[in-house]
Amino acid sequence: MWIAVIVILVIVVVLVIALISLYNNLVKLRNMVDNAWAQIDVQLQRRLDLIPNLVETVKGYASHERGTLDEVTQARAAVVNA
């Protein structure tokens, strides 16, 4: 009689430990997913912060290219007219 009670008690304790372990594992996985999404948000915010700098760089480069193209066009015209 006592052996059956002890066996049932051991089985219940093992099941409780398994459920606690499973729950802790699920919480850990949920925290990892939340952390991954937070990292994605950080990267997207960094990218968004870099867009104005990129636009200014392209504007500067475009004005430089425009000036170079004008000079090349004038040089060609001077060679053709000479």
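Residues numbered from 1 in each chain as written. Predicted model: local features only at pLDDT ≥ 70, side-chain atom pairs only at ≥ 80, totals over all residues. Heavy atoms only, no water.

### Side note on the overall build of the protein
Operational definition: Helix numbers and strand numbers start at the N terminus; a helix is a DSSP run of H or I with at least 4 residues, a strand a run of E with at least 2. Only the C-alpha atoms count toward the radius of gyration. The rule for a globule is 2.2 Å times the residue count to the power 0.38. Working definition: with a 1.4 Å probe on protein chains only, accessible area under 20% of the residue-type maximum means buried, over 50% means exposed, and in between means partly exposed. In these tables, accessible area is a Shrake-Rupley quantity obtained with a 1.4 Å probe, and a residue counts as shielded only by the protein chains included in the view. The charge count includes Lys and Arg as positive and Asp and Glu as negative, but it does not include His or the ends of the chains. Where a charge lies is defined by one atom per residue type, namely NZ (Lys), CZ (Arg), CG (Asp) and CD (Glu).
Looking only at helices and strands, the protein features 1 helix and 0 strands. Relative to a compact globule of 82 residues, whose C-alpha radius of gyration would be 12 Å, the protein shows 35 Å and is clearly more extended. Summarising its shape, the C-alpha atoms of the protein cover approximately 120 × 20 × 5 Å along the three principal directions. Here the protein, with 82 residues, has 0% of them falling under the buried criterion. When the accessible surface of the protein is split by element, carbon and sulfur atoms take 70% of a total near 7,800 Å². Counting 7 positive and 7 negative side-chain charges, the protein places the averaged centre of each group 9 Å from the other.

### A few points about the environment of T68
Structurally, T68 can be placed in helix α1 (residues 2-81). Take T68: its relative accessible area is 30%, and that puts it in the partly exposed class. Sequence separation between T68 and L50 is 18 residues, and the spatial gap between their C-alpha atoms is 27 Å.

### A word on α1
The condition is simple: For a helix, the expected span equals 1.5 Å multiplied by the residue count minus one. Given a residue, its bend is the angle between the two axes fitted to the seven residues that end at it and to the seven that start from it.
Between its first and last C-alpha, α1 extends 115 Å over 80 residues, near the 118 Å set by a 1.5 Å rise per residue. Of all the bends in α1, the largest measures some 30 degrees and sits at I51, one to four residues before the proline P52.

### Overview of a nonpolar patch on the surface
Here is the rule we go by: Patches here: salt-bridge-free residues with over 30% relative accessible area, like charges joined within 9 Å, nonpolar side chains (Val, Leu, Ile, Met, Phe, Trp, Tyr) joined within 5 Å. Salt bridge, as applied in this entry: a Lys or Arg side-chain nitrogen positioned within 4 Å of an Asp or Glu carboxyl oxygen.
A surface patch of nonpolar side chains, amounting to about 720 Å² of accessible area, comprises M1, W2, V5, I6, V10 and V14. If you trace the backbone, M1 turns up in the segment before α1.

### So, the environment of A78
Assignment of secondary structure puts A78 in helix α1. Residue A78 is classed as partly exposed on the basis of its relative accessible area of 46%. Sequence separation of A78 and V10 is 68 residues, and the distance between their C-alpha atoms is 99 Å.

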